[in-house]
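Chain and residue survey
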Amino acid sequence: MTAAVETLNLIIAAHLRNASPVWGERVRSVSTVEASLVRPYVHFFIASELNEKILVRKRHTRIALSVKGVAENLGEALQMQGLLADLLDDSGQNDINARLPAHPDWAVLSVTQGRAIILDDFFKNAVMIYHRGHQFEILMEEK
Amino acid sequence: MSVQNSNNAYLRFGSTQLQGYWTEQLNFEETADTEDTSAGAGRTHIAREPKLVDNKMDFLVIYDDVTIAQYVQTLRAGVKDTLIWGPEGNASGKPRFEGSMILTSTKYTQSVDKKKHSFTLSFVQGDTPVATISGGDTFA
């Protein structure tokens, strides 16, 4: 059985890749992002994972997933933040607008938008890089 | 020996096993009220005798959209049937409660902040139990 975090990585990548012409196929998890990746791109990573005991004989896990757009101008980063929220908030199978790809091992029950990610950092040659996105609270259930 | 912290409960009401849908916790209470039997002049203290023993139980059952059809008929208030509970499962020799109980309340909760949906089932004793934990009864 695939681990919940690995399953979520696959689902999120499949859902976001080419979902917008702003970033095209440039959607990367923390372990796959390459230094040469052209901005703008989408970057996501697991912030935390906690086992949640709901039923005796079924595993549930609650994951905090950070998803952000990385761009060289603030307007584009903010646009990506909005697009990513549109694509992910309330996208679980028990939510009001289920739309995530299915997986044979785990079901994503709910996706809830949480705190915003706001990060500006200087890159080489004093280029400013803007990170904008949200942390999403995700509840998963083993099938 | 081992101090019990297990969640390996066995739960059946009527013909429906519920332990697969049980969530959070269950509460069982065996009680005996008392009767003031003080009598006579010159007494300085109250005397009491125990009244009849009563049993109550409540537990929560999850709303599972795939399997709810298998147990939803069990959630109807006003039904009197046999409730069997084994705090360590239902293997031979494990403690057993079994008795006629009445489901007096089915309370359902749903919240806008995406907490799990569950039914709170409350039971009162319908008749003298067939088997009790405190009586040392076990599964055959």
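Check the entry above for the structure.
One structure accompanies this document, and this report is about it. None of the values given here were measured: they were computed from a predicted structure.

This part is about the environment of Gly 135 of chain B. Within the secondary structure, Gly 135 of chain B is located in the segment after strand S7 (118-125). Distance from Gly 135 of chain B to Phe 97 of chain B, taken between C-alpha atoms, is 9.1 Å for residues 38 residues apart in sequence.

We now examine the sheet that holds strand S3 (residues 22-36) of chain B. Residue and element names in this part refer to chain B. On the basis of which strands lie adjacent, the open sheet formed by seven strands has the order S2-S1-S5-S6-S7-S4-S3 and antiparallel pairing. Bordering the open sheet on either side are strand S2 (16-17) and S3, each of which pairs with just one other strand. Alignment of strand S1 (residues 10-13) against strand S5 (residues 80-86), held across four bridges, turns out to be antiparallel. Each bridged residue has a counterpart across the sheet, and for Tyr 10 the counterpart in S5 is Gly 86.

Another point: the nonpolar core. Core analysis: the biggest nonpolar cluster contains 28 residues, and Leu 8, Val 42, Leu 65, Val 67, Ile 138 and Met 140 of chain A have the highest contact counts within it. Secondary-structure elements contributing two or more residues to this core are helix H1 (4-16), strand S2 (41-55), strand S3 (58-71), helix H2 (74-88), strand S4 (106-122) and strand S5 (128-142) of chain A. Setting aside anything within four residues of it in sequence, one finds Ile 138 of chain A in contact with Leu 8, Ile 63, Leu 65, Val 108 and Val 111 of chain A. Counting 19 residues, the second largest nonpolar core, distinct from the first, contains Leu 11, Met 101, Leu 121 and Phe 123 of chain B.

Residue and element names in this part refer to chain A. If you check H1, its first and last C-alpha atoms are 18 Å apart, about what 13 residues at 1.5 Å a residue would give, namely 18 Å. Listed as buried for H1 are Ala 4, Thr 7, Leu 8, Asn 9, Ile 12 and Leu 16. Next to the buried residues of H1 lie strand S1 (27-29), S2, S3, H2, S4 and S5. A positive phi of about 60° marks Asn 18, the residue just after H1.

Definitions and limits used
- Residues numbered from 1 in each chain as written.
- Chains lettered and ligands numbered in written order.
- Predicted model: local features only at pLDDT ≥ 70, side-chain atom pairs only at ≥ 80, totals over all residues.
- Helix = DSSP H or I, 4+ residues; strand = E, 2+ residues; numbered from the N terminus.
- Pairing = 2+ DSSP bridges.
- Core = buried A, V, L, I, M, F, W, Y, C linked by C-beta atoms within 7 Å.
- Buried ≥ 20, exposed ≤ 12 C-beta atoms within 10 Å, placed from the backbone.
- Contact = placed C-beta atoms within 7 Å.
- Expected span 1.5 Å × (residues − 1).

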